[in-house]
Amino acid sequence: MTFNELGLSPELLEGISRLGFESPTPVQAQVIPRLLDNKGDVVALAQTGTGKTAAFGLPILTMLTRDERSPQALVLCPTRELCVQITRDMQAFASCTKGISILAVYGGTPIDGQLRALKRGVHVIVGTPGRMLDIMRRKRVDLSGIERVILDEADEMLNMGFQEDLEAILAGVPDSAHTLLFSATMPRQVAAIAKNYMDHPEEITVGQRNAGAENVSHECYVVHQRDRYLALKRICDYYPDMYAIVFCRTRQDTQGIADWLIRDGYSADAIHGDLSQAQRDRVMQKFRTRSIQMLVATDVAARGLDVNDLTHVINFNLPDDLNSYTHRSGRTGRAGKSGVSVVIVNMRERGKVKRIQKMIGTTFNFRNVPSGYQICEAQLFSLVDRMRNVEIDHRQIDPYLPAINATLEGMPKEEIVKRFMALEFSNLLKYYSDEHHRGPGTQTERPAEPAKAPKTPTPRKQAEQTEHSVQTERPAPPQSPRDARMFINLGRLDGINPKKLGDLINRECGRKVPIRKVDIMRRYSFFEIAPEDAEPIMHMLSKARVGGRDVRVEPVDDQLKSKRTKRTERRVKAKAGKPGKRKPSKGKPGKAKTRKNSRKPR
Ligand code: AMP
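A word on the overall build of the chain
At step 1: Helix and strand counts for the chain come out as 24 helices and 20 strands.
At step 2: Counting over 602 residues, the chain shows a buried share of 52%.
At step 3: Excluding contacts between residues fewer than 6 apart, the proportion of contacts in the chain whose partners are at least 24 apart in sequence is 77%.

Printed below as a string of C-alpha cells:
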C-alpha cells in the first residue's frame, strides 16, 4: 500500500515525502482510512514507535476546516516531552500545507504564552491532561468545535494518575466528537474509559495484543541481589557500542545508579522527576546527540523521548506494573531496527519474568552474565572493527608519520599491534583478572588465554580512561582518613547489627558496598564508606523502610550534618572517649572545649 492510496491531500503527501516516509506503517494503513471514514470511535492497540503520530495526525490535518481558526481536534498525551514531539511531528507533516496552527499546552512552563496563543486561534491542541484541564477551568478555551479527540498512550496517562483529569476533559468536549484511543496495553482502567466515554468503539489491534515489538529480543540475567549493579556494568562492558536507556523503579535508584556509573567511568546521566525541566532538557539533549551513551531513567521521565536507534533497553529493576515492560522494551527495536531488552532480576523475581513472557507471548533468552574473558574479547573485536573503519585525516596525521616510523623502525607489525592493544586494554584486563571480581551469579571466569585473548584488553573509551583512570570495581579500600562517616536512623532497637546494616545497604544499593567502623547505638548508628559512595547511598536508602519507619541516612560532615546529627555524634564521641559516666571537668563544667580535650590521646 502507498500513501497515495489513502486519500490524503497532495500538500500532506508532499510533507511526509520530505520526511522520507515511503509507505504507511501497519498502524497507519489500518487507522488512517478508518479515521478518514469518520464513522465512529476507535480503540487502537499499538506499541510506541509504530508510527502512531502520523496514523492520527494525517487524518486530523486532512479533515480540518482551515478557515475556521478554532480548536477542531484535541490530542491528549501523558508527558510534556511527548506533547512537544507530537506537535513537532504534526507541524512537520503540515509543512507544505498553509495556514494550519497546532499548539502544544503542557505544564512546568508559564501558562500565559499558551493562553495568548489560544486567543490568537488554533486548529489543533496537543496537551497534557493537567494543563489542559487548568486552561478549561480558567475558561480560556472553547472546545465546542472539537470534532476529534485523541487519547495517546492512554494506559500511561492512567498509570500516571490522570484518570480524573481525563474524565473531566472528556466531559467538556461535545458528545458528537469522535474519540480515538491509543494504548500499548489494555488494562482494566483503559477498558473502563473506552466503555464509559466512547460509543461502541471499533477495536484495531496492530500486532499482538499486549505484545512486545517484533524486532526486540529479550534477555534475562538472574543474579544475586547484591550483584545487580556489577551485572549491569558487565553487560555494558560486553556491548561497547551500546546506546541505551537503563530503567530504574524510583528517582533515588535512578540518580544513585547514574552516579555510580559516572564514577566508574561510563558515559551516563540520569533523568527523573526530581530534576528541573531545564536540567531534564539538558540531559535529553546530551542523550539525543549521543554525548552520553546511557540514560538512566524512571518510566515517567523516559516517556516521549524520541530516540529511534537505541540498541538496548535495560531493566535494572522490573517495573512494579508489569504492563510497563511493554512500554520500556518498545523503546528499542524502532523504525525497522532490531534491539535488545535486557532484564536483570534476582532469584525471587523469576516468577515476574514468567508472567511477562506470558503477557508478551515471547520467551526470554536466559543468559549468564558475561565473563571477564568474553568482555575482553568483545571489547577487543569492537576496537579492531573501529580501527578498520576509521576515517583517516591524512592532512593532520601524515606530517607526524616519518618521525613515528623512525621510532618504531625494526619492530615487527605483530609486536606493534600487541603493544597498541596492551595500551588500550591494560586496565580492563587487570580489572577482570582480579580475584576480587570473579563476577556475579554462577558464572565461572575463564582465565585469559594468551593465544586467543589479548594480554591486555581494552577498557572503555580512551577519553573515559583519562577522566576516570581506574575503571575497576572499587575493592574494599584500606581505612582512609577521607572516608565519609554516615549517620543512619536505625539502631539496636530496630534489630540492627553490623551484618544486618551491611545487608540492608547491599540490598538497597544492588551491589556490595564496603562499610567500615560501624557503631550501632540504641536508636541510630554510624558507619564509614568511601566518599564517592555517600551520595548514592543516601539516595538509595532514603526509599527503604525498616519496621514501618522511613530510613534516613546523612553524612556526618561539618558542612552537611544537621544540628541534631551533630549533637548525636558528639554524644557518641564523648561516650567512646570516656567509658563510664562523663565527669564534668573541674571549674568549667560542660564546655565543648572540655569534651574535646578529654578525647585527646595522652
Ligand atoms: P511514532 O510512533 O509516531 O513516534 O513514530 C516512530 C518513528 O517512526 C518516528 O521517528 C517517525 O518519524 C517514523 N515514522 C512514522 N511513520 C513512518 C513511515 N510511514 N515511514 C517511515 N518512518 C516513519
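On we go.
Description of the packing of aromatic side chains
At step 1: If you walk through the whole model with that rule in mind, you get nine aromatic pairs.
At step 2: Here the aromatic residues F487, Y524 and F526 are joined through ring pairs into a cluster of three or more.
At step 3: Sitting above the plane of the F316 ring, R228 keeps its charged end 5.9 Å from the centroid.
At step 4: Of note, R511 hangs over the ring of W260, and the distance from its end group to the ring centre comes to 4.6 Å.

Thoughts on the nonpolar core
As a rule of thumb, nonpolar side chains are buried together in soluble globular proteins.
At step 1: Counting 49 residues, the largest nonpolar core has L232 and I257 as the members making the most contacts within it.
At step 2: Both domain 2 (216–371) and domain 3 (459–575) contribute no fewer than three residues apiece to this core.
At step 3: With residues up to four places along the chain from it excluded, the contact list for I257 reads Y229, L232, C248, V296, F316 and M540.
At step 4: Core analysis: the next-biggest nonpolar cluster, separate from the first, contains 40 residues, L12, A46, C83 and F182 among them.

Observations regarding the layout of surface pockets
At step 1: As a volume, the second largest pocket reaches approximately 860 Å³.
At step 2: Around the second largest pocket sit 21 residues that line it, and M387, V390, I392, I397 and F420 are the ones nearest its centre.
At step 3: Listing elements by their share of the lining of the second largest pocket, those giving two or more residues are α16 (372–389), α17 (394–397), α18 (401–408) and α19 (413–433).
At step 4: At six residues, the largest contribution of residues to the lining of the second largest pocket is made by α19.

Section: empty space enclosed by the protein
At step 1: Within this structure, the stated rule accounts for five cavities of 30 Å³ or more.
At step 2: A volume near 60 Å³ is recorded for the largest cavity.
At step 3: Around the largest cavity, the lining residues are R34, L35, N38, K39, G40, V42, R148, H178, T179 and L180.
At step 4: For the lining of the largest cavity, the element with the most residues is strand β6 (residues 178–183), which contributes three residues.
At step 5: Classifying every residue of the lining of the largest cavity by side-chain character gives three nonpolar, four polar and three charged.
At step 6: With three residues, helix α14 (residues 324–329) is the single largest residue contributor to the lining of the second largest cavity.
At step 7: Taken together, the residues of the lining of the second largest cavity sort by class into one nonpolar, two polar and five charged.

Describing the environment of V553
At step 1: Following the sequence through the fold, V553 ends up in strand β20 (residues 553–555).
At step 2: Overall, the relative accessible area of 7% leaves V553 in the buried class.
At step 3: Spatially, the C-alpha atom of V553 lies 6.9 Å from that of L541, the residues being 12 residues apart in sequence.
At step 4: The residues touching V553, leaving out its near neighbours within four places in the chain, are M486, F487, I488, F527, I537, M538 and L541.

Remarks on the packing of helix α21 (residues 498–509) against helix α22 (residues 531–541)
For any two helices packed against each other, one specifies the crossing angle of their axes together with the interaxial distance.
At step 1: As a packed pair, α21 and α22 sit with axes 9 Å apart at the nearest point and diverge in direction by 85 degrees. Accordingly, the angle class assigned to the pair α21 and α22 is roughly perpendicular. In this structure, α21 uses L504, I505, E508 and C509 to contact α22, whose residues at the interface are I537, M540 and L541.

Considering the environment of K517
At step 1: Following the sequence through the fold, K517 ends up in strand β16 (residues 516–520).
At step 2: Along the backbone, K517 and E528 are 11 residues apart, and their C-alpha atoms lie at a distance of 5.7 Å.

Some remarks on unusual backbone geometry
At step 1: The phi dihedral of N38 falls on the positive side, at around 60 degrees, and the residue is not glycine.
At step 2: Secondary-structure assignment places N38 in the loop between α2 (26–37) and β1 (42–45).
At step 3: A positive phi angle, close to 40 degrees, is found at H200, a residue other than glycine.
At step 4: As for its placement among the helices and strands, H200 is situated in the loop between α9 (188–197) and β7 (202–205).
At step 5: We classify H200 as exposed; its relative accessible area is 75%.

Some words on the site of the ligand
At step 1: With respect to spatial proximity, the complete set of residues near the ligand consists of F3, F21, S23, T25, Q28, G49, T50, G51, K52, T53, Q85 and N308.
At step 2: Within the backbone of K52, an N or O atom sits 3.3 Å from an oxygen atom of the ligand.
At step 3: Taking 490 Å² as the accessible area of the ligand by itself, protein coverage stands at 76%.
At step 4: Broken down by class, the residue content of the shell around the ligand amounts to two nonpolar, nine polar and one charged.

Focus on the pattern of salt bridges
At step 1: Inspection of every chain in the model, using the stated rule, returns 25 salt bridges.
At step 2: Notably, a salt bridge pairs E14 with R18, separated by 3.2 Å at the nearest N-O pair. Of this pair, E14 and R18 are both found in helix α1 (residues 10–18), four residues apart, which corresponds to roughly one turn of the helix.
At step 3: Owing to a relative accessible area of 36%, E14 belongs among the partly exposed residues under this scheme.
At step 4: Under the relative-accessibility criterion, R18 is labelled exposed at 59%.
At step 5: Its salt-bridge partner being D483, residue R516 comes within 2.9 Å of it at the nearest N-O pair. Taken together, the residues R516 in strand β16 and D483 in the loop between α20 (462–467) and β15 (484–488) connect sequence positions 33 residues apart.
At step 6: Among the residues examined, R516 registers a relative accessible area of 10% and is labelled buried.
At step 7: The exposure class assigned to D483 is buried, which follows from its relative accessible area of 12%.
At step 8: What you see here is one network of salt bridges that share partners, running through K233, R263, D264 and D533.

Conventions adopted
Residues numbered from 1 in each chain as written. Predicted model: local features only at pLDDT ≥ 70, side-chain atom pairs only at ≥ 80, totals over all residues. Heavy atoms only, no water. Helix = DSSP H or I, 4+ residues; strand = E, 2+ residues; numbered from the N terminus. Buried < 20%, exposed > 50% of the residue type's maximum accessible area, 1.4 Å probe, protein only. Contact = heavy atoms within 4.5 Å. Phe/Tyr/Trp six-rings, centres within 6.5 Å; stacked < 30°, edge-to-face > 60°. Lys NZ or Arg CZ within 6 Å of the ring centre and 35° of its normal. Core = buried A, V, L, I, M, F, W, Y, C linked by side-chain atoms within 4.5 Å. Domains from an automatic or database assignment. 1 Å grid on protein atoms, 1.4 Å probe; cavity = no way out; pocket = protein on both sides within 12 Å on 5 of 7 lines; lining within 4 Å. Points joined across faces, edges and corners; volume = space filled by probe spheres on them. Nonpolar A, V, L, I, M, F, W, Y, C, P; charged D, E, K, R; others polar. Axes fitted to C-alpha atoms, helices over the stretch in contact; angles between N-to-C directions. Parallel < 35°, antiparallel > 145°, perpendicular 65-115°, else oblique. Near = heavy atom within 4 Å. Polar contact = N/O pair within 3.5 Å; in protein donor to acceptor, adjacent residues only side chain to side chain. Areas by Shrake-Rupley, 256 points an atom, 1.4 Å probe, with all protein chains shown as cover. Salt bridge = Lys/Arg side-chain N within 4 Å of Asp/Glu carboxyl O.

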